[in-house]
Each structure stands twice: as C-alpha cells, then as structure tokens.
Amino acid sequence: MVANWKENPETEAEALGLFRKLAKIPRNRNTEIVICPPFVYLEKIAEEFKNLESRARLALGGQDIFWEKTGAFTGEIGPTMLRSLGAAYAIIGHSERRKFLRETDEMVNKKVVASLEAGLKVILCVGEPLAIRRQGFTAAKKFVRRQLAEDLRRTSHIKFQTSSSLVIAYEPIWAIGTGKNCPPFDAARMAAFIKLQARHLKPPVRVLYGGSVNSKNIADYLKNKEIGGALVGGASLNAAEFGRIIKAAGSR
Ligand code: PEP
C-alpha cells in the first residue's frame, strides 16, 4: 500500500506529524506500507524512520528519480542518493509528471532501468487518459500495452532481488484525484493484462490499483486476486482514513 503525498503537506513540521501518525498504523503481516513524501522532507523522515521501534513492513520512497547517479543535472536526484537516505522505492512515470513535466516513455524507461540497476525498487505508473477510455476497454489495453513495452525496455537482463523490485501501478488517469472510480472488475482485468505483458520478468511483477482509492472502495479492489495493493494519493494525507484503508487491506 503506497502513500503518495504528492506536493503535500506545506511544511516540514506537518510532514513529520503526518509521518508519525502513518507509522503508528498497525501493519498486518500481509501488508507493506510505502510512504512517499516530497524529497525535501525525506531526510528528516528517514531519521525518524531509523529510530522507530519497529520498521517491519514499512518503507520510504521518492516520488520520482533521475536516471544519472551524479552530474550536471540541476535539480535532479539520483537513485543512489535516494537509497543512501534509507529510501527503498521510487515512483516512476506518474501521470502528473507525464502531464505537467512532459515526461516521455523514453525518460520513464531510463529512470526504470537506472533505478533497478542501482537496487532501488520501482513503482511504475501506467494508465490511459479519458479520451482513450471512452473508445472502450480494448483501446485502453492497447494504450497500456504500448506504455509497458516502452517503459520496460532493456529490463529483461536485470535480476530482480525480490517480488517487489518492480511493482506496476495501474492508474487510469481519469480516476486520479477525481473521485471517479474505475470499476473494480475493469481494474482487475487490466491488472491481469499487465501481468501478461510483463510475464518475461522474474519473479512476476505485482500490480497495484490507483485512482481515488478510499476506505469505502478499497475492499472492492482488493478482493480481486490480480490486484496486489493500492497507490493512494489524497486519502494518504489523512492518517485516520489511511488507517482504515490499511485495516481493510489487512483483512482481505
Ligand atoms: C495517485 O497519487 O497516484 C493517486 C491515485 O491519487 P488519488 O488517490 O488522490 O486519486
């Protein structure tokens, strides 16, 4: 279960407060929680993380990563830098970055390869826009298949360390932050399709669903065995709500 805070909260004090609350949420033995704060808060949060009584099934992640480890790349953060802070994951290819920062599949692919090679676990986001979805489910599958083919180029040779080394989040763009839910049956069909497209990768990838997940709808997604968890944006900023989501995930 991934908490993507996006560009929130506004101050470091609030970020630390939120982290402390999320870290206290009881973790079921089947559920790993990955918290992805903005980069600027990561160092302080990583210190808190190291001092927690139990870090079992809790991890930190970045919301993005750059493909070079070091160099003249103003503003960028490399995979080794992120790992050296104690973060285990990076979200890559989120639709908001594809849209607002014009990230292309070629850039996403470079980030995926560099992260995996550096031992950083990857949460790769894919998903179709509304205009494609309106054309039907087959068009959506075609869109996602092309994204996967491009985003996962040059990954077959990489030996994944664990089954969570590469996690793919199916996030239909029209369902992100909109309150519009993708019908769980469609999300499960797409998750199965994604696993089929990534079947050459060993061990098999896990697929998450993301898009307006909350405590009321999470169980409907997780009852499908194809869906291994969720990428949660807005609802991860509310510790009580995220706690209810985690509780529901644990009892599936
Ligand atoms: C996301 O951040 O990827 C996301 C799915 O956001 P939200 O849960 O707010 O729709």
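Provided above is the structure to which this section pertains.
As a starting point, this report considers the structure included with it. Owing to the predicted nature of the structure, the values given are computational and were not obtained by experimental measurement. (Residues numbered from 1 in each chain as written. Predicted model: local features only at pLDDT ≥ 70, side-chain atom pairs only at ≥ 80, totals over all residues. Heavy atoms only, no water.)

As for the pattern of salt bridges
And then number 1: On inspection of all chains with the given rule, the structure shows 18 salt bridges.
And then number 2: A salt bridge links aspartate 105 to arginine 98; its shortest N-O distance comes to 2.7 Å.
And then number 3: Residues aspartate 186 and arginine 189 are paired through a salt bridge, measuring 2.8 Å at the closest nitrogen-oxygen approach. Of the two residues, aspartate 186 and arginine 189 are both situated in helix α8 (residues 184-197); the distance of three residues between them amounts to about one turn of the helix.
And then number 4: Note on aspartate 186: relative accessible area 14%, which makes it buried.
And then number 5: Here the residues in one salt-bridge network are Arg98, Asp105, Arg146, Glu150 and Asp151, joined through shared partners. (Salt bridge = Lys/Arg side-chain N within 4 Å of Asp/Glu carboxyl O. Helix = DSSP H or I, 4+ residues; strand = E, 2+ residues; numbered from the N terminus. Buried < 20%, exposed > 50% of the residue type's maximum accessible area, 1.4 Å probe, protein only.)

Overview of the pairing of strand β2 (residues 33-36)
And then number 1: Here β2 shows a buried face lined by Ile33 and Ile35 and a second buried face lined by Val34 and Cys36.
And then number 2: Inspection of the sheet shows strand β1 (residues 2-4) paired to β2 by three bridges, in the parallel sense. Across the sheet, the residue bridging to valine 2 is valine 34, located in β2.
And then number 3: Taken together, β1, helix α1 (residues 12-23) and β2 constitute a β-α-β crossover, and its handedness is right-handed. (Pairing = 2+ DSSP bridges. Right-handed = clockwise from strand over helix to strand, strands pointing away.)

Digging into the packing of helix α5 (residues 105-117) against helix α7 (residues 137-151)
And then number 1: Viewed as axis vectors pointing N to C, α5 and α7 meet at an angle of 50°, and their least axial separation amounts to 8 Å. Taken together, the axes of α5 and α7 lie oblique to each other. Side by side, α5 and α7 meet where Asp105, Val108, Asn109 and Val112 of the first sit next to Arg146, Gln147, Glu150 and Asp151 of the second.
And then number 2: Of the residues in the contact of α5 with α7, the class split is two nonpolar, two polar and four charged. (Axes fitted to C-alpha atoms, helices over the stretch in contact; angles between N-to-C directions. Parallel < 35°, antiparallel > 145°, perpendicular 65-115°, else oblique. Contact = heavy atoms within 4.5 Å. Nonpolar A, V, L, I, M, F, W, Y, C, P; charged D, E, K, R; others polar.)

Overview of the side chain of histidine 94
And then number 1: Tracing the backbone shows histidine 94 in the loop between β4 (89-92) and α4 (95-100).
And then number 2: Here histidine 94 falls in the buried class, since its relative accessible area comes to 5%.
And then number 3: Within polar-contact distance, the side chain of histidine 94 engages the backbone nitrogen of glutamate 96 at 3.0 Å.
And then number 4: Side-chain polar atoms of histidine 94 contact the side chain of glutamate 171, separated by 3.4 Å.
And then number 5: For histidine 94, the residues in contact, after removing those within four places along its chain, are Asn4, Lys6, Cys125, Glu171 and Ile176. (Polar contact = N/O pair within 3.5 Å; in protein donor to acceptor, adjacent residues only side chain to side chain.)

Focus: the site of the ligand
And then number 1: Every one of the 14 residues lining the ligand counts as a neighbour, but Lys6, His94, Glu171, Gly177 and Ser212 are closest to it.
And then number 2: Contacts to the ligand include lysine 6, whose side-chain N or O atom sits 3.0 Å from an oxygen atom.
And then number 3: At a separation of 2.7 Å, an oxygen atom of the ligand approaches a polar side-chain atom of histidine 94.
And then number 4: The protein chains hide 96% of the 290 Å² of surface that the ligand would expose on its own.
And then number 5: Its residues assigned to classes, the shell around the ligand comprises four nonpolar, eight polar and two charged. (Near = heavy atom within 4 Å. Areas by Shrake-Rupley, 256 points an atom, 1.4 Å probe, with all protein chains shown as cover.)

Looking at the sheet that holds β4
Backbone-to-backbone hydrogen bonds pair the strands of a sheet. The strands run either parallel or antiparallel.
And then number 1: The eight strands are arranged β1-β2-β3-β4-β5-β6-β7-β8 in a closed barrel whose pairing can be described as parallel. Here the average twist between neighbouring strands, direction ignored, is 25°.
And then number 2: Bridge count between β1 and strand β8 (residues 229-232): two bridges; the pairing is parallel. What sits directly across from alanine 3, in β8, is valine 232.

Side note on the nonpolar core
And then number 1: Within the largest apolar cluster, 69 residues are counted, with the highest numbers of intra-cluster contacts made by Trp5, Leu22, Leu60, Leu124, Leu152, Ile194 and Tyr209.
And then number 2: Tryptophan 5 has contacts with Ala15, Leu18, Phe19, Leu22, Ile35, Cys36, Pro37, Pro38, Ile45, Gln63, Ser236 and Leu237, leaving out every residue within four places of it along the chain.
And then number 3: In terms of nonpolar packing, the next biggest core, distinct from the first, is built from twelve residues, Val2, Val34, Ala59 and Leu231 among them. (Core = buried A, V, L, I, M, F, W, Y, C linked by side-chain atoms within 4.5 Å.)

Some points on the pairing of strand β7 (residues 206-210)
And then number 1: In terms of burial, β7 is a largely internal element, four of the five residues being buried.
And then number 2: The parallel pair strand β6 (residues 166-170) and β7 is bridged by α8, and the resulting crossover is right-handed.

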